[in-house]
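# Architecture and fold: a report
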Amino acid sequence: MSTDNKTKKNSHAAQVHWDEKGLPYSTRFDDIYFSKDDGIAESRYVFLDANRLKERWDQHSIDSTFSIGETGFGTGLNFLLAWQLWNKHDHNKNAQLHFISVEKYPLSKNDLTKALALWPELSALSQKLINAYPPQPLQGIHRLNFYDDNISLTLSFGDAAEGFQQLAPISKAGPHVSSSPCAIGSLRPQIDAWFLDGFAPSKNPEMWKDALFSAIKNLSGRSTTFATFTAASAVRKQLIAIGFECQKIKGFGRKREMLIGKFSVEEKQKGRKPEVDEQTTPTHFRDHKHQKIDAEPSWHLNRFSSNKKVEHCIVIGGGLAGCHTAFALAKKNIRVTLLEKNNTLAMEASGNRQGVVYAKLSPHNSPLNTFNLAALLYASQFYHSLGLYEKCGDACGVLHLAINDNLRTQYQAFCETFRESPDFSRWLTAEECEAVSGVPSTFPALYLPQTGWLSPAPLCLELVKSERIEVRTESKVSGLQNDGNQWEVTYTNKANSTETVYADAVVLANAHAASEIEQSQHLPLKKIRGQVSHIPSTTSSKELRKVICGDGYISPALNNCHSLGATFNLHEYGTGLTARDHRQNLDKLTSLSPALTSNIDTSLALDGKVGFRCTTPDYFPIVGSIADYSSMKERFAFYRKKANATIDNYGAYHHHLYANLGHGARGLCYIPLASEVLASAIAGQVLPISRDLYRHMAPGRFIIRDLMRNKI
Ligand code: SAM
């Protein structure tokens, strides 16, 4: 079951009591969030100083990422203090801080705001955190990037052990597979300093369990340190058992002792089986009746095959997927050469005048619903934090009209779940819709006040504005090959001559054109024609202030013209505008709001745009390492015989060849998160989503499904 974003009844809300001094206290755990004497001094002493952050940052290498892992995000005080210290430090401009924290009982935004108001010296940073803090109640993994300060925060809402297990590389210790840990990319993510917070082990034994320590071990390596406020001997023993050298030091204030320590790699390697070459590892399979408890499939994982960092990546395709990928990679200090066959960016399916940041939302707990919500939250934060709505669109708000009973039930339940986050979503009656949108509405709606529309072409130009990104237009890729060390991409340039470019990694972000590339031609990408109509605004339609989505959408006017769309034409490949499709779009608009079409002059020949969405059979995008088709088929052939077998083997993937494809009509919403997933994997950082959810996007899934269905 996926762990991301499940909207639950709020049994996981923090139970905060405010004492007479205005300090937060957990009634669930009967424990304090921070010292009553001086919370800031305590956090600095116990976590920042004891992990020697300042000294280590002095020596920190120029363009690498320093990662902190924390158990118990609570009020975010530790995070803000680490951020403050980071900002005071004189870093190279490429250095990055990644703070990864787990929290089982998240504070509401109101409680977070109240708690952080206690610290005036942190107010500027607190405000940034409060603005970006995800709506509650929420489960799963969420990433917030504070690009101005080179800080990323990965928040995992859920149990600490489960959260870190989802982020850690996994080791399959079975006798028939390599015991070396695997993850999505081919570099191993590592935490540099652990803040082992969380309520006292005596009050919260549930958290300090074996599974947590085993996940900590999988994320630790040479130079990893920890610090914790507790000196409990059970904690000390567990830390020693997983390979930390532990030391007791004086605790903060009246506390006698606390623990600090350093990871010993030798200790970790003790008892580890020798590594076996992935290619020669025999595939092992088990029937379910003999299954171990750890039955997580591993076909979507890569074995780490080198420690070499990716420094340069070629991105093929200059639409939204390519430009977002380039942006995310550049933010992780990876140089990008972006190849686009047209003479400018965002010419094809990404080229609409106005696109909506939209995903289908539902309170039901399915992987796709979970992904949709995670993607929407990430996209929203992304566009706001970079000021992209101001530059390339408008965060005017989007109304998701409940055009049938089923949607009404779903949307109402969704809004009920997030009733304490009205700035994120609210339920509006038809009358309220009219009041906020400026035009009469026949339907009630799920209203998302912070999302809106964006113009993809200027957005793409903004995304590639980086000294690390080189855009080569009129560069049509003809093939790619790997010489075992690097990728060679061949393309035809403007003058029709052949050129090559070399890099450590390649990302295919070229929609259907990926089917023309040998390594990705097995991907089941579908082309669906969509026609958008541009309708001149009228006196009444100019009143429209929100994007309205139902069966189709209409945007507020941009330069006296609304975008209205889009049709879905399966098996139709004509590129010219058709009167039939304009009619369809207008009919859909009439069903959404008759008032909007009533005074449109339909005798006019409307302008518009035809594009081809790149879709997938299961509606999930295709994001991650591209499988080596024949090796994968061979390695997992037993699925043909027994679809529910557990095959203990890692997937067969082309080394550093990735896909960011199949976003259908949801590109503006899905692509920011998908690109962050890819860039994290390529840079060897933990993912911004759970491994479970990643499996649903992994390019190899179609081969596995086809084997299970005996189709190949
Ligand atoms: N580090 C926090 C700060 O800077 O404000 C204070 C942390 S507070 C002392 C302990 C936190 O651990 C609480 O927010 C609590 O909900 C969380 N917690 C308790 N049990 C947990 C578990 N099993 N998994 C994750 N978080 C847990």
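The structure this text deals with has already been given above.
Residues numbered from 1 in each chain as written. Predicted model: local features only at pLDDT ≥ 70, side-chain atom pairs only at ≥ 80, totals over all residues. Heavy atoms only, no water.

## Notes on the overall build of the protein
What the protein contains, in helices and strands, is 21 helices and 35 strands. Relative to the globule expectation of 27 Å for 712 residues, the C-alpha radius of gyration of the protein, 26 Å, shows essentially globular dimensions. In terms of overall dimensions, the protein has C-alpha extents of about 85 × 65 × 55 Å along its principal axes. Residue burial in the protein is summarised as follows: out of 712 residues, 60% are buried. Long-range contacts, defined as pairs at least 24 residues apart, comprise 75% of the intrachain contacts of the protein with a sequence gap of at least 6. Within the structure as shown, the protein displays about 28400 Å² of accessible surface, and the carbon and sulfur contribution to it stands at 50%. Across the protein, the mean location of the 79 positive side-chain charges is 4 Å away from that of the 71 negative side-chain charges. (Helix = DSSP H or I, 4+ residues; strand = E, 2+ residues; numbered from the N terminus. Rg over C-alpha atoms; globule rule 2.2 N^0.38 Å. Buried < 20%, exposed > 50% of the residue type's maximum accessible area, 1.4 Å probe, protein only. Contact = heavy atoms within 4.5 Å. Areas by Shrake-Rupley, 256 points an atom, 1.4 Å probe, with all protein chains shown as cover. Lys, Arg positive; Asp, Glu negative; His and termini not counted. Charge placed at Lys NZ, Arg CZ, Asp CG, Glu CD.)

## Things to note about the site of the ligand
Neighbouring residues of the ligand: 22 residues in total, closest G72, T75, E103, D159 and D197. Between the ligand and the protein, one listed contact pairs an oxygen atom with a side-chain N or O atom of E103 at 2.5 Å. The side chain of N204 places a nitrogen or oxygen atom 2.9 Å from a nitrogen atom of the ligand. Isolated, the ligand exposes 600 Å² of accessible area, and the fraction of that covered by the protein chains is 98%. Residues of the shell around the ligand, tallied by class, amount to nine nonpolar, eight polar and five charged. (Near = heavy atom within 4 Å. Polar contact = N/O pair within 3.5 Å; in protein donor to acceptor, adjacent residues only side chain to side chain. Nonpolar A, V, L, I, M, F, W, Y, C, P; charged D, E, K, R; others polar.)

## Here's the deal with the packing of aromatic side chains
Enumeration according to the criterion identifies 31 aromatic pairs in this entry. On the numbers, 5.7 Å between centres and 85° between planes, the contact of W57 with F66 is edge-to-face. You can call W57 buried: its relative accessible area is 2%. Between F382 and Y383, the ring centres sit 5.5 Å apart and the planes meet at 85°, which makes this aromatic pair edge-to-face. Here the two residues F382 and Y383 agree in accessibility, since each one is buried. Directly above the ring of F612 sits K527, whose terminal nitrogen or CZ lies 5.2 Å from the centroid. (Phe/Tyr/Trp six-rings, centres within 6.5 Å; stacked < 30°, edge-to-face > 60°. Lys NZ or Arg CZ within 6 Å of the ring centre and 35° of its normal.)

## Overview of the pattern of salt bridges
Across all of its chains, the model carries 27 salt bridges by this definition. Of the charged contacts in the structure, one is a salt bridge between R419 and E416, with a shortest N-O distance of 3.4 Å. Across the pair D581 and R580 runs a salt bridge whose closest N-O atoms are separated by 2.8 Å. A relative accessible area of 0% means that D581 is categorised as buried. Judged by its relative accessible area of 42%, R580 falls in the partly exposed class. (Salt bridge = Lys/Arg side-chain N within 4 Å of Asp/Glu carboxyl O.)

## Digging into the pairing of strand β27 (residues 505-508)
Within a regular beta strand, the side chains point alternately toward one face of the sheet and then the other, so they alternate between its two faces. The two faces of β27 match: A505 and V507 on one face and V506 and L508 on the other face are all buried. Pairing between strand β15 (residues 312-316) and β27: four bridges, direction parallel. Residue C313 lies in a different strand from β27, and its bridge partner there is A505. Strand direction decides the pairing type here: β27 and strand β35 (residues 653-661), joined by three bridges, are parallel. Bridge pairing in β35 places V507 opposite Y658. (Pairing = 2+ DSSP bridges.)

## Some details on the sheet that holds strand β16 (residues 335-339)
Read across the sheet, six strands follow the order β23-β16-β15-β27-β35-β33 without closing on themselves; strand pairing throughout is mixed. Every interior strand has two partners, whereas the edge strands, β23 (469-472) and β33 (622-627), have only one. In this sheet, adjacent strand axes meet at a mean angle of 20° when their direction is disregarded. As paired elements, β33 and β35 share five bridges and run antiparallel to each other. Counted as the bridge partner of G624 is A659 from β35. Along the sheet, helix α19 (residues 667-683) contacts β27, β33 and β35; its crossing angle with β35, the most-contacted strand, is approximately 165°. (Axes fitted to C-alpha atoms, helices over the stretch in contact; angles between N-to-C directions.)

## Examining the nonpolar core
Grouped together as the largest cluster of nonpolar side chains are 176 residues, with contacts concentrated most on I68, F79 and Y383. Per-element tally for this core: the top contributor is α19, with 11 residues. Filtering out sequence-adjacent residues up to four positions away, F79 remains in contact with F73, F99, L129, F146, I151 and L153. L339, V489, A514 and L523 belong to the second-largest nonpolar core, a separate cluster that totals 23 residues. (Core = buried A, V, L, I, M, F, W, Y, C linked by side-chain atoms within 4.5 Å.)

## Points about the packing of helix α1 (residues 39-49) against helix α3 (residues 77-88)
It is the contact of α1 with α3, at a shortest axis distance of 10 Å, that shows an interaxial angle of 75°. One way to sum up the angle between α1 and α3 is to call them roughly perpendicular. Contact residues: α1 offers G39, I40, S43, R44, F47 and L48, while α3 offers L77, N78, L81, A82, Q84 and L85. (Parallel < 35°, antiparallel > 145°, perpendicular 65-115°, else oblique.)

## Quick word on the sheet that holds strand β3 (residues 31-32)
Consider a sheet: its strands pair through backbone hydrogen bonds, and that pairing is either parallel or antiparallel. Spatially, three strands are ordered β1-β2-β3 in an open sheet, and the strand pairing comes out antiparallel. Two strands lie at the open edges of the sheet, namely β1 (16-18) and β3, each paired on one side alone. Sheet topology note: the β1/strand β2 (residues 24-26) ladder contains three bridges and is antiparallel. In the strand pairing of β2, V16 is matched with S26.

## A look at helix α11 (residues 367-385)
Within an α-helix, residues lying three or four positions from one another point in the same direction, as the helix has 3.6 residues per turn. The end-to-end C-alpha separation of α11 is 27 Å, in line with the 27 Å expected for 19 residues at 1.5 Å each. Immediately downstream of α11, the backbone of G387 shows phi near 65°, a positive value. (Expected span 1.5 Å × (residues − 1).)

## Here's the deal with the environment of P594
Relative to the helices and strands, P594 resides in helix α17 (residues 594-598). Classification of P594 by relative accessible area gives partly exposed; the value is 41%. Along the sequence, P594 and L523 sit 71 residues apart, while their C-alpha atoms lie 42 Å from each other. With near-sequence residues (within four places) excluded, P594 lies in contact with T442 and L589.

## A short note on the environment of N352
In this structure, N352 sits in the loop between β16 and β17 (355-356). Along the chain, N352 and P456 lie 104 residues apart, while their C-alpha atoms are 6.6 Å from each other. Among residues more than four places away in sequence, those in contact with N352 are P456, V532, Y553 and K609.

## Describing the state of the cysteines
Summed over the entire model, instances satisfying the criterion amount to zero disulfides. Between C433, a free cysteine, and C415, which holds the nearest cysteine sulfur, the sulfur-to-sulfur gap is 10 Å. The thiol sulfur of C549 is not disulfide-bonded, and the nearest other cysteine sulfur, from C396, lies at 9.7 Å. Looking at C549, the relative accessible area reads 6%, which means it is buried. (Disulfide = S-S within 2.5 Å.)

## Some details on empty space enclosed by the protein
Evaluation of the coordinates by the stated rule reveals four cavities of 30 Å³ or more. Of the voids in this model, the second largest cavity is the one considered here, and its volume is about 90 Å³. Lining the second largest cavity, in full, are Q96, N145, F146, Y147, N150, I151, S152, A328, K331, K332 and E676. Where the lining of the second largest cavity is concerned, the elements lending two or more residues are β6 (140-146), β7 (151-157) and α10 (320-331). (1 Å grid on protein atoms, 1.4 Å probe; cavity = no way out; pocket = protein on both sides within 12 Å on 5 of 7 lines; lining within 4 Å. Points joined across faces, edges and corners; volume = space filled by probe spheres on them.)

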